[in-house]
Amino acid sequence: MKKIGDEMKEKKCITVKAKIEELEKISAFAKRLLAEEDLDERIKGHFLISLDKLLSNVAFYSKAENVRIKYIRNQAGISFRISDDGAQYDTTKAEEPDTASNAEERCIGGLGIHIVRNLMDKIDYKYNGIWNITTISKNI
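Definitions and limits used
- Residues numbered from 1 in each chain as written.
- Predicted model: local features only at pLDDT ≥ 70, side-chain atom pairs only at ≥ 80, totals over all residues.
- Heavy atoms only, no water.
- Helix = DSSP H or I, 4+ residues; strand = E, 2+ residues; numbered from the N terminus.
- Contact = heavy atoms within 4.5 Å.
- Phe/Tyr/Trp six-rings, centres within 6.5 Å; stacked < 30°, edge-to-face > 60°.
- Buried < 20%, exposed > 50% of the residue type's maximum accessible area, 1.4 Å probe, protein only.
- Lys NZ or Arg CZ within 6 Å of the ring centre and 35° of its normal.
- Axes fitted to C-alpha atoms, helices over the stretch in contact; angles between N-to-C directions.
- Parallel < 35°, antiparallel > 145°, perpendicular 65-115°, else oblique.
- Left-handed = near helix turned anticlockwise from the far one by under 90°.

**Student:** Help me understand the side chain of Ser56, please; the structure alone is not making it clear to me.
**Tutor:** Within the secondary structure, Ser56 is located in helix H3 (residues 41–61). Setting aside its immediate chain neighbours within four residues, Ser56 contacts Ile20 and Leu23.

Structure representation (structure tokens):
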């Protein structure tokens, strides 16, 4: 039996397999929640791009089985907490890519996290021994 308030908790969180074909479910989840907010479309787009970049990394590189996305709305703003059970990887310590060189001369990788850093106001990371937990936030 569900307790009062469980519906709200369920509505604000989604867990899927860490596979690229599952990204559409997460995108639909985020779009639905962001549509309820009175936000500039650009800000909504920043979240959707950032989630896509981070979740693509999880699906392709982390060897995670599961990924959980939690939507957090408070007075300070909006956050999405991304938890995955893959290899430990601190997104906040990723090296900055060489964006000054031509695309043909650069090493592959790192642009997704670079984009997220530039679109979000804050990125936090912690590891609890099982889950990588990355939180992206925008002040509203």
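**Student:** Sorry if this is basic, but what is going on with the packing of aromatic side chains here?
**Tutor:** Any aromatic ring pair is given by two values, namely how distant the centres are and how the planes are angled relative to each other. All chains considered together, the criterion is met by three aromatic pairs. Here the aromatic rings of Phe60 and Tyr61 are separated by 6.2 Å at their centres, their planes lie at 55°, and the arrangement is tilted. Judged on exposure class, the residue Phe60 and its partner Tyr61 are both exposed. Three or more aromatic residues joined by ring pairs make a cluster, and in this case those are Phe47, Tyr71 and Phe80. It is Arg68 that lies over the ring of Trp131; its NZ or CZ is 4.5 Å from the centre.

**Student:** Help me understand the packing of helix H2 (residues 23–35) against H3, please; the structure alone is not making it clear to me.
**Tutor:** Where H2 contacts H3, the two axes come as close as 10 Å, and the packing angle between them is 155°. In this view, H2 runs roughly antiparallel relative to H3, as classed from their interaxial angle. Handedness of the crossing formed by H2 with H3: right-handed. Residues Leu23, Ile26, Ser27, Ala30, Lys31, Leu34 and Ala35 of H2 pack against Lys44, Phe47, Leu48, Leu51, Asp52, Leu55 and Ser56 of H3.

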